Amino acid sequence: MTQSFTTAFIPGSRRGFVMLCILVLFSGCIPAQQSASAVQATNRIVYGLTFEPSGFDPHLNASSELGIPLRSVYDTLVYRDPANGQFIPGLASEWSVSPDGLVYTFQLRQGVMFHDGTAFNAQAVAANLDRITNPANASQKAIFMLGTYERYEIIDDYAIRLILSAPYSPLLDSLSQVYLGMASPTALAAFSNERYQFHQVGTGPFQFVEYIPGDRLVIRRSPTYTWNPPFYQPTTTQSVDEIEFRFFSDPSSRSIALESGDAQIMGELLPTDARLLAGRDDLTVAPVSVPGQPLQFMFNTAQFPTNDLRVRQALLFGTNRDVIVNTIFQRFSPVAWGPLAASTLYYTDQVVGAYGYDPTQARALLEAAGFADADGNGFYDASGGDLEVTLIVPGWGFVPEVAQLIQDQWRTIGVRAVLDSAPSRSLVVERVNAGAYHLVAFYSFGLDPALLNDYFVTGAVNNWMNYSNPDLDRLLIDAAAQTDPAARAASYNQAQRLIMAEALILPIRDYINLNAYSRAVAAPSFDVYGWFPILHNLALSSG
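Here goes a summary of the coordinates provided. (Residues numbered from 1 in each chain as written. Predicted model: local features only at pLDDT ≥ 70, side-chain atom pairs only at ≥ 80, totals over all residues. Heavy atoms only, no water.)

1. Remarks on the overall build of the protein chain
Okay, step 1: The secondary structure content of the protein chain amounts to 18 helices and 20 strands.
Okay, step 2: Its C-alpha radius of gyration of 25 Å places the protein chain within 12% of the 24 Å reference for a compact globule of 543 residues.
Okay, step 3: Considered along the principal axes of its C-alpha atoms, the protein chain spans approximately 80 × 60 × 40 Å.
Okay, step 4: Burial statistics for the protein chain: of 543 residues in total, 57% are counted as buried.
Okay, step 5: Of the contacts formed within the protein chain by residues at least 6 apart in sequence, a portion of 71% connects residues at least 24 apart.
Okay, step 6: Accessible area of the protein chain: about 21200 Å², with a carbon and sulfur share of 53%.
Okay, step 7: In the protein chain, 32 positive and 50 negative side-chain charges are present, and the distance between their average locations comes to 4 Å. (Helix = DSSP H or I, 4+ residues; strand = E, 2+ residues; numbered from the N terminus. Rg over C-alpha atoms; globule rule 2.2 N^0.38 Å. Buried < 20%, exposed > 50% of the residue type's maximum accessible area, 1.4 Å probe, protein only. Contact = heavy atoms within 4.5 Å. Areas by Shrake-Rupley, 256 points an atom, 1.4 Å probe, with all protein chains shown as cover. Lys, Arg positive; Asp, Glu negative; His and termini not counted. Charge placed at Lys NZ, Arg CZ, Asp CG, Glu CD.)

Shown next, in the form of structure tokens:
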């Protein structure tokens, strides 16, 4: 017997009246070809998103959250096989790279159609690249993922070349992600950027049905999808064919929604809630490792006293990361030791164990740097007062809770930590631009370590450490251009060790996305990037 999960609409209730008004207001947001098939869904679930991004357009917006539903609306030119991370065909049936690494030639699948009936071809790829690279569209992520991409050349209807100005090894990795997914040129031309997020059209296994801000986003399985990658399993009578995504921005509401049955799958649970849910028979907790950077604090090397290597090293030795991981993350997350999470490509374990907790060593380094506690108040003295460092503390990822523990721990090594709360990204940037900080928490996710270039190359957009080292620049720039995996691994090995030798960051924990799902749903699987479920394979439990 097939199961169905729906959200009740109660005529006459206050919520029902409000929802009716919203539905009327956004009735134009439902593409005709999807609304005509609205009665076809039988296996339906609710999937909890943890916040609502400011925009849901993958070409223009940067949130990981948007990829959870839209990864299955858009196909990409290539995919990474979830089993081994290798590149496999997507909308491109094959590809080649010139010996100098400057030309990528893609042969495209024939017979592929967008959900609105538009044919997929080289002209469609070109239209997508034009949109992403148009400066007027202000792409927040996709344009940067193209690296040194310069232009395209259409060979014929089903072949296209991408021309680079310099070799850029992460290009295939970028092309495998939803931010460079292929959208219908017809839909892109029909709607403004502001309206397109309500009318999205791809070629993927699910069609975009509706997006009602503040309430829900709905996708429905496409009945004509036949060009799937090999890791997409055959559909069955148990396959989920409609998914309603709802927003649970209050972290405490997520476990409640699972327990009550208001949602069947949820990500980013509070670690304490995940620990409690793990003991239930009707729910399963599924931790998923997210590659990229760990939760980290970057040291401002241009500001006294963190301009002194000994001070930076002292603060690393004075941080008990085991206590932080055990207390805040309930042992779900591993301790981070370097600038890359252990699940990231070319991670080296040679940084493991560096700067283990040693308050005695921390104090010795501070004293070697010339600090003393002359007034006997327990804090070292500096500039007529206590030795003080300011941490810019974003409001996400448990950074405030981590910062509070760090504040307590550094008090025991004679350092006063001042926490400067910056709840949003814009406020973080504002505080950084003001310059009056010693550490700032910020990090990015991704499988390819080329993301380090945005942080550690001289003058990079996120080099909030104000650090410049020609040797580190060379290692990171060469690694991003290098096509030989062994050479890339060697460069990233050296870069990671150099970053920690210079004590440029305080890494705390590798990121683990704590998902949970109802036993009414078969175990969901995720792609290599950790955030994105493979919704095509999602099915109701047969048990």
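This is not the end of the story, as more comes after the structure.
2. Quick notes on the sheet that holds strand β5 (residues 103-108)
Okay, step 1: An order of β4-β5-β7-β6 is seen for the four strands of this open sheet, with the pairing classed as antiparallel. The open sheet terminates on both sides in strands that have one partner only, identified here as β4 (92-97) and β6 (149-156). Taking each pair of neighbouring strands and ignoring which way they run, the sheet shows an average axis angle of 20 degrees.
Okay, step 2: Where β5 lies against strand β7 (residues 159-164), five bridges are found, and the strand directions are antiparallel. By the bridge assignment for β7, Thr105 is matched with Arg161.
Okay, step 3: Running over the sheet, helix α4 (residues 122-133) touches β5, β6 and β7 and is turned about 165 degrees from β6. (Pairing = 2+ DSSP bridges. Axes fitted to C-alpha atoms, helices over the stretch in contact; angles between N-to-C directions.)

3. Overview of the pattern of salt bridges
Okay, step 1: By the definition in use, this model includes 20 salt bridges.
Okay, step 2: Linking Glu244 and Arg246 is a salt bridge whose minimum nitrogen-to-oxygen distance equals 2.3 Å. For the pair shown, Glu244 and Arg246 are each scored as buried.
Okay, step 3: Several salt bridges converge on common partners, so that one network encompasses Arg44, Glu210, Asp215, Arg216, Arg220, Glu242, Glu244 and Arg246. (Salt bridge = Lys/Arg side-chain N within 4 Å of Asp/Glu carboxyl O.)

4. With respect to the sheet that holds strand β19 (residues 505-509)
Okay, step 1: Strand order in this open sheet of five strands is β17-β16-β18-β13-β19, and the pairing throughout is mixed. Across the chains shown, the open sheet's two edge strands, defined by having one partner strand only, are β17 (416-422) and β19. The mean angle between the axes of side-by-side strands here comes to 20 degrees, regardless of whether they run parallel or antiparallel.
Okay, step 2: When strand β13 (residues 295-299) meets strand β18 (residues 439-441), the two strands line up antiparallel, connected through three bridges. Bridge pairing in β18 places Phe299 opposite Leu439.
Okay, step 3: Taken strand by strand, helix α14 (residues 399-411) contacts β13, β16 (388-394), β17, β18 and β19, and its axis lies near 165 degrees from that of β16.
Okay, step 4: Contacting β16, β17 and β18, helix α15 (residues 425-434) crosses the sheet at an angle of about 130 degrees to β17.

5. Some details on the pairing of strand β10 (residues 242-247)
Okay, step 1: In terms of burial, β10 is largely enclosed, as six of its six residues are buried.
Okay, step 2: Because side chains alternate across β10, one face comprises the buried residues Glu242, Glu244 and Arg246, and the other comprises Ile243, Phe245 and Phe247, equally buried.
Okay, step 3: As judged from the five bridges shared by strand β9 (residues 216-221) and β10, these two strands associate in the antiparallel manner. If you follow Arg216 over to β10, its bridge partner there is Arg246.

6. Thoughts on the side chain of Asn537
Okay, step 1: Counting through the fold element by element, Asn537 comes out in the segment after β20 (512-518).
Okay, step 2: A polar contact is formed between the side chain of Asn537 and the backbone oxygen of Phe231, at a distance of 3.1 Å.
Okay, step 3: The residues touching Asn537, leaving out its near neighbours within four places in the chain, are Phe231, Tyr232, Gln233 and Ser525. (Polar contact = N/O pair within 3.5 Å; in protein donor to acceptor, adjacent residues only side chain to side chain.)

7. Some details on the pairing of strand β1 (residues 44-49)
Okay, step 1: Extensive coverage of β1 is indicated by the burial of six of its six residues.
Okay, step 2: Side chains of β1 alternate between two faces, with Arg44, Val46 and Gly48 and Ile45, Tyr47 and Leu49 buried alike.
Okay, step 3: In this structure, β1 lies alongside β10, joined through six bridges in parallel fashion. The residue of β10 that forms the bridge with Tyr47 is Phe245.
Okay, step 4: Examined bridge by bridge, β1 and strand β11 (residues 265-266) share two bridges and lie parallel to one another. What sits directly across from Gly48, in β11, is Met266.

8. Observations regarding helix α12 (residues 321-328)
Okay, step 1: Of all the positions in α12, only Arg321, Ile324, Val325 and Ile328 are classed as buried. Each buried residue of α12 lies within a common arc of 95 degrees when the element is viewed along its axis, so the set occupies one face.
Okay, step 2: Each element contacted by the buried residues of α12 is listed here: α10 (271-277), α14 and β19.
Okay, step 3: Sitting at the head of α12, Asn320 places a side-chain oxygen 3.4 Å from the backbone nitrogen of Asp322. (Arc of directions from axis to C-beta.)

9. Here's the deal with the nonpolar core
Okay, step 1: Phe106, Phe120, Ile243 and Phe245 are the most contacted members of the largest nonpolar core, which totals 78 residues.
Okay, step 2: Here this core takes six residues from α4, the largest share from any one element.
Okay, step 3: Other than its neighbours up to four places away in sequence, Ile243 contacts Ile45, Tyr47, Phe206, Leu217, Val218, Ile219, Leu535 and Leu538. (Core = buried A, V, L, I, M, F, W, Y, C linked by side-chain atoms within 4.5 Å.)

10. Brief notes about the environment of Ile219
Okay, step 1: Assignment of secondary structure puts Ile219 in strand β9.
Okay, step 2: A C-alpha to C-alpha distance of 5.5 Å links Ile219 and Ile243, two positions 24 residues apart in sequence.
Okay, step 3: Ignoring any residue separated from it by four or fewer positions in sequence, one finds Ile219 in contact with Pro69, Val73, Phe206, Gln207, Phe208, Val209, Asp241, Glu242, Ile243, Phe245 and Leu535.

11. A short note on the environment of Asn462
Okay, step 1: Within the element layout of this structure, Asn462 appears in the loop between α16 (453-456) and α17 (470-481).
Okay, step 2: Along the chain, Asn462 and Val429 lie 33 residues apart, while their C-alpha atoms are 9.5 Å from each other.
Okay, step 3: Dropping the residues within four chain positions of it, Asn462 is found in contact with Met298, Arg425, Phe442, Asp454 and Tyr455.

12. Digging into unusual backbone geometry
Okay, step 1: Residue Phe304 is joined to Pro305 through a cis peptide bond whose omega torsion reads 5 degrees.
Okay, step 2: The residue Glu268 is not glycine, and still its phi comes out positive at about 50 degrees.
Okay, step 3: The residue Tyr346 is not glycine, and still its phi comes out positive at about 65 degrees.
Okay, step 4: Its place among the elements puts Tyr346 in the loop between α12 and α13 (359-368).

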